[in-house]
Amino acid sequence: MKIGTKLIHAGAEPDPSTGAIMTPIYQTSTYVQEAPGVNKGFEYARSQNPTRKALEEALAIIENGKFGLAFSSGVAATDAVIKLLVPGDEVIAASDMYGGTYRLFTKIFEKFGIRFVYVDTTDPSNIEKAITPATKLIWLETPTNPLMNITDIAAVAAISKKAKTILCVDNTFASPYLQNPLDLGADLVMHSSTKYLGGHSDVIQGALVMNDPALREQLYFIQKSCGAVPGPMDCFLVLRGIKTLHVRMKEHCLNGAKIAVWLKQQPKVGKVYWPGFEDHPGHAIAKTQMRDFGGMISFELKDESDAELKRVLSSTKVFALAESLGGVESLINHPASMTHASIPRDERIKNGLKDSLIRLSVGIEDADDLIEDLRQAIG
Ligand SMILES: *Cc1c(COP(=O)(O)O)cnc(C)c1O
């Protein structure tokens, strides 16, 4: 089945009791049992909820996996993965990744004795060199937030298999429409469903997808034991969002390409980060592991003064100044002071994230209006 059909029909069985074509929002905390221990597979809503179950089935199908699990946020999904580990275990993670993931690793889990080693994963040999007998997990993000770095998932999967570690890929930026890490050998896919899966900036949610039943059992145990589960209304919203993912992503990609090319021609704009450019260092790999290049773009201003940065960031009228991404509306963001402020400045600079970097989440408005908006803001 092709992706458009899969996205619309995944997990969407008509409701058995009424025939409702849309999955009902089962707003309940518990389920009546016929006798002690005799039930319909639903006991208590932290452990099972039919709306969440439909969503989890959909998540598995759209990532070409066997099992999906939904969490109350993207970081809650990441949190569950790290809870597979025990003190003394090591994680090799990308040096350039979402600020909230870095904060969770360094500020929460380090104090429980989990060790994190950060390497430039765009060169997989850096991962190979960092592996020790204590390495249990490799954490990748590709494309990265916000520098759009690309890592070869299949190459890292081969290294991970040899070392018998778990490879988890944060696939938030690409979405399952553009990239399916399980097909490339990853063990786990993580999503901030808040972004492209939900697609309408109206929900916070996270997801994990996997093939291995043992891994699913462990993660399900963590999900119900720690309790970071999404409510049924939020599951409904993500299920609805998934149905139009392909339609939205096509537009995000078209608009993204137009804006990236336009930005590169502007005299006031410095470096533009977008994997669709042939001179992007990860372009060749992006072309093989992604179906298109997406609607996320970062760029620097040539005038690196604070005043110029603030002027541009406060001048857009269609692009709203806000954190987050992946919604139908365009957003402009300043990583250094917003999404990535939790990473210390010297770490950011070391990883190439300049104070002058601006990140765009290109929405699906008319491209001409978006370009006109950027033209009047950048000047
Ligand atoms: C937003 C985001 C997260 C965190 O997800 P939340 O839903 O905000 O908890 C993780 N990774 C990436 C790449 C993100 O953009």
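One can find the structure itself at the top, above this paragraph.
From a predicted model like this one, the values you see are computed outputs, not experimental measurements.

1. Some thoughts on the overall build of the chain
And then number 1: Helices and strands together make up the secondary structure of the chain, namely 14 helices and twelve strands.
And then number 2: Dimensions of the chain, computed from the C-alpha atoms along their principal axes, are close to 75 × 50 × 35 Å.
And then number 3: The proportion of buried residues among the 379 residues of the chain is 55%.
And then number 4: As presented, the chain carries roughly 15900 Å² of accessible surface, and 57% of it is formed by carbon and sulfur atoms.
And then number 5: A distance of 2 Å separates the average location of the 40 positive side-chain charges in the chain from that of its 44 negative side-chain charges.

2. Considerations on the site of the ligand
And then number 1: Lining the immediate environment of the ligand, one finds 14 residues, of which Val75, Asp170, Ser192, Thr194 and Lys195 sit closest.
And then number 2: Gly74 is positioned with one of its backbone polar atoms (N or O) 2.9 Å from an oxygen atom of the ligand.
And then number 3: Between Lys195 and the ligand, the recorded distance is 2.8 Å, taken from a side-chain N or O atom to an oxygen atom.
And then number 4: Considering the ligand on its own, with 380 Å² of exposed area, one finds that the protein chains cover 93% of that surface.
And then number 5: For the shell around the ligand, the secondary-structure elements that each account for two or more residues are helix 3 (74-82) and strand 6 (188-192).
And then number 6: Looking at the shell around the ligand, its residues break down into four nonpolar, seven polar and three charged.

3. Some remarks on the state of the cysteines
And then number 1: Taken as a whole, this structure holds zero disulfides when the rule is applied.
And then number 2: As a non-bridged cysteine, Cys226 has Cys168 as the owner of its nearest cysteine sulfur, 16 Å distant.
And then number 3: Classification of Cys226 by relative accessible area gives partly exposed; the value is 45%.

4. Quick word on the sheet that holds strand 10 (residues 320-321)
And then number 1: One open sheet accounts for five strands, arranged 8-9-12-11-10; its pairing is mixed. A strand with exactly one partner marks an edge of an open sheet, and here the two such strands are strand 8 (269-273) and strand 10.
And then number 2: Pairing analysis gives two bridges linking strand 10 to strand 11 (residues 331-333), with the strands arranged parallel. If you follow Leu321 over to strand 11, its bridge partner there is Ile332.
And then number 3: Together, strand 8, strand 9 (296-301) and strand 12 (357-361) form the strand contacts of helix 10 (residues 245-264), whose direction differs from that of strand 9 by roughly 15°.

5. Digging into helix 4 (residues 99-109)
And then number 1: Most of helix 4 sits inside the fold, with eight of its eleven residues counted as buried.
And then number 2: What helix 4 keeps buried is the set Gly99, Gly100, Thr101, Tyr102, Leu104, Phe105, Thr106 and Phe109.

6. Examining the sheet that holds strand 2 (residues 90-94)
And then number 1: The strand order across the open sheet formed by seven strands is 1-7-6-5-4-2-3, and the pairing between neighbours is mixed. Among the strands making up the open sheet, the edge pair consists of strand 1 (67-71) and strand 3 (115-119). Strand-to-strand twist of the sheet, defined as the mean angle between neighbouring strand axes without regard to direction, takes the value 20°.
And then number 2: Where strand 4 (residues 135-141) and strand 5 (residues 166-170) come together, five bridges link them in parallel fashion. Note that in strand 5 the partner of Leu137 across the bridge is Ile166.
And then number 3: In the packing of helix 2 (residues 50-62) onto the sheet, the strands contacted are strand 1 and strand 7 (206-210), and the crossing angle to strand 1 comes to about 125°.

7. Some points on the packing of aromatic side chains
And then number 1: For the structure shown, the criterion picks out seven aromatic pairs.
And then number 2: Ring centres of Tyr31 and Phe42 lie 5.5 Å apart, and the angle between their planes is 40°; this geometry places the pair in the tilted category. Here Phe42 lies in the loop between helix 1 (3-9) and helix 2 and Tyr31 lies in the loop between helix 1 and helix 2, a separation of eleven residues in the sequence.
And then number 3: In this structure Tyr31 comes out as buried when scored by relative accessible area, which is 15%.
And then number 4: Relative to Phe277, the ring of Trp274 lies with its centre 5.2 Å away and its plane at 80°, an arrangement referred to as edge-to-face. The same class applies to Trp274 as to Phe277, namely buried.
And then number 5: By way of ring pairs, the aromatic residues Phe105, Phe116 and Trp139 are connected into one cluster.
And then number 6: The ring of Tyr98 has Lys195 sitting right over it, with the charged end atom 5.3 Å from the ring centre.
And then number 7: The ring of Tyr220 has Arg216 sitting right over it, with the charged end atom 4.6 Å from the ring centre.

8. Quick word on the environment of Met296
And then number 1: Structurally, Met296 can be placed in strand 9.
And then number 2: Taking the C-alpha atoms as reference, Met296 lies 23 Å from Val156; in sequence the two are 140 residues apart.
And then number 3: In this view, Met296 contacts Met148, Phe173, Tyr196, Tyr273, Trp274, Leu325, Arg359, Leu360 and Ser361; residues no more than four positions away in its chain are not counted.

Rules used in this analysis
Residues numbered from 1 in each chain as written. Predicted model: local features only at pLDDT ≥ 70, side-chain atom pairs only at ≥ 80, totals over all residues. Heavy atoms only, no water. Helix = DSSP H or I, 4+ residues; strand = E, 2+ residues; numbered from the N terminus. Buried < 20%, exposed > 50% of the residue type's maximum accessible area, 1.4 Å probe, protein only. Areas by Shrake-Rupley, 256 points an atom, 1.4 Å probe, with all protein chains shown as cover. Lys, Arg positive; Asp, Glu negative; His and termini not counted. Charge placed at Lys NZ, Arg CZ, Asp CG, Glu CD. Near = heavy atom within 4 Å. Polar contact = N/O pair within 3.5 Å; in protein donor to acceptor, adjacent residues only side chain to side chain. Nonpolar A, V, L, I, M, F, W, Y, C, P; charged D, E, K, R; others polar. Disulfide = S-S within 2.5 Å. Pairing = 2+ DSSP bridges. Contact = heavy atoms within 4.5 Å. Axes fitted to C-alpha atoms, helices over the stretch in contact; angles between N-to-C directions. Phe/Tyr/Trp six-rings, centres within 6.5 Å; stacked < 30°, edge-to-face > 60°. Lys NZ or Arg CZ within 6 Å of the ring centre and 35° of its normal.

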